[in-house]
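Listed below are the residues making up each chain.
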Amino acid sequence: MCGNTMSVPLLTDAATVSGAERETAAVIFLHGLGDTGHSPTLGSGLPRIPVTLNMKMVMPSWFDLMGLSPDAPEDEAGIKKAAENIKALIEHEMKNGIPANRIVLGGFSQGGALSLYTALTCPHPLAGIVALSCWLPLHRAFPQVNH
């Protein structure tokens, strides 16, 4: 990540690796439910919220999870808010000289799900998406593919 991070709240606690020379590309990778992306002694910029799926246990989470089946209710407001936060990270990189087509968005588990949703709703075409062990949140809002 390059430039001033104070205007994007998620960047204040983000684990970043700067290049030896001027950055020309970026990878934004999001961790899974309950993780922080840091060692156990460091905090996360994520809110700690009660997660319905985990008996309302309070933990770092991008949004609430209510079930695992494709027809389970979804936290639409939470998913959309989290996606807007990630889009703010993308905009931050773009304002600092990294074109959208040089930004890869990725994640694991809940972070992969958020990456997939964010990339598919982002107004800027990104370089790519890496979505590992995840699902597409709010999948009913996307066009259906007929086989």
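Owing to the predicted nature of the structure, the values given are computational and were not obtained by experimental measurement. (Residues numbered from 1 in each chain as written. Predicted model: local features only at pLDDT ≥ 70, side-chain atom pairs only at ≥ 80, totals over all residues. Heavy atoms only, no water.)

Caption draft 1: Summary view of the environment of Ala 127. Looking at where Ala 127 falls in the secondary structure, it is placed in the loop between α2 (110–121) and β5 (128–132). Separated by 102 residues in sequence, Ala 127 and Ala 25 place their C-alpha atoms 9.3 Å apart. Filtering out sequence-adjacent residues up to four positions away, Ala 127 remains in contact with Ala 100, Asn 101, Arg 102, Ile 103 and Val 104. (Helix = DSSP H or I, 4+ residues; strand = E, 2+ residues; numbered from the N terminus. Contact = heavy atoms within 4.5 Å.)

Caption draft 2: Structural detail: the pairing of strand β4 (residues 103–108). Alignment of strand β1 (residues 26–30) against β4, held across five bridges, turns out to be parallel. Paired with Phe 29 across the strands is Gly 106, a residue of β4. Where β4 meets β5, five bridges bridge the pair, whose relative direction is parallel. Of the residues in β5, the one forming a bridge with Gly 106 is Val 130. In the classification by handedness, the crossover that spans β4, the intervening α2 and the parallel β5 is right-handed. (Pairing = 2+ DSSP bridges. Right-handed = clockwise from strand over helix to strand, strands pointing away.)

Caption draft 3: Layout of helix α1 (residues 76–95). With 20 residues, α1 ought to run about 28 Å at 1.5 Å a step, and its terminal C-alpha atoms sit 28 Å apart, in line with that. Those residues of α1 that fall on the buried side of the exposure criterion are Gly 78, Ile 79, Ala 82, Ala 83, Ile 86, Lys 87, Leu 89, Ile 90, His 92 and Glu 93. Packed against the buried residues of α1 are β1, β4 and α2. Where α1 ends, the next residue or the one after it, Gly 97, has phi of about 100°, a positive value. (Expected span 1.5 Å × (residues − 1). Buried < 20%, exposed > 50% of the residue type's maximum accessible area, 1.4 Å probe, protein only.)

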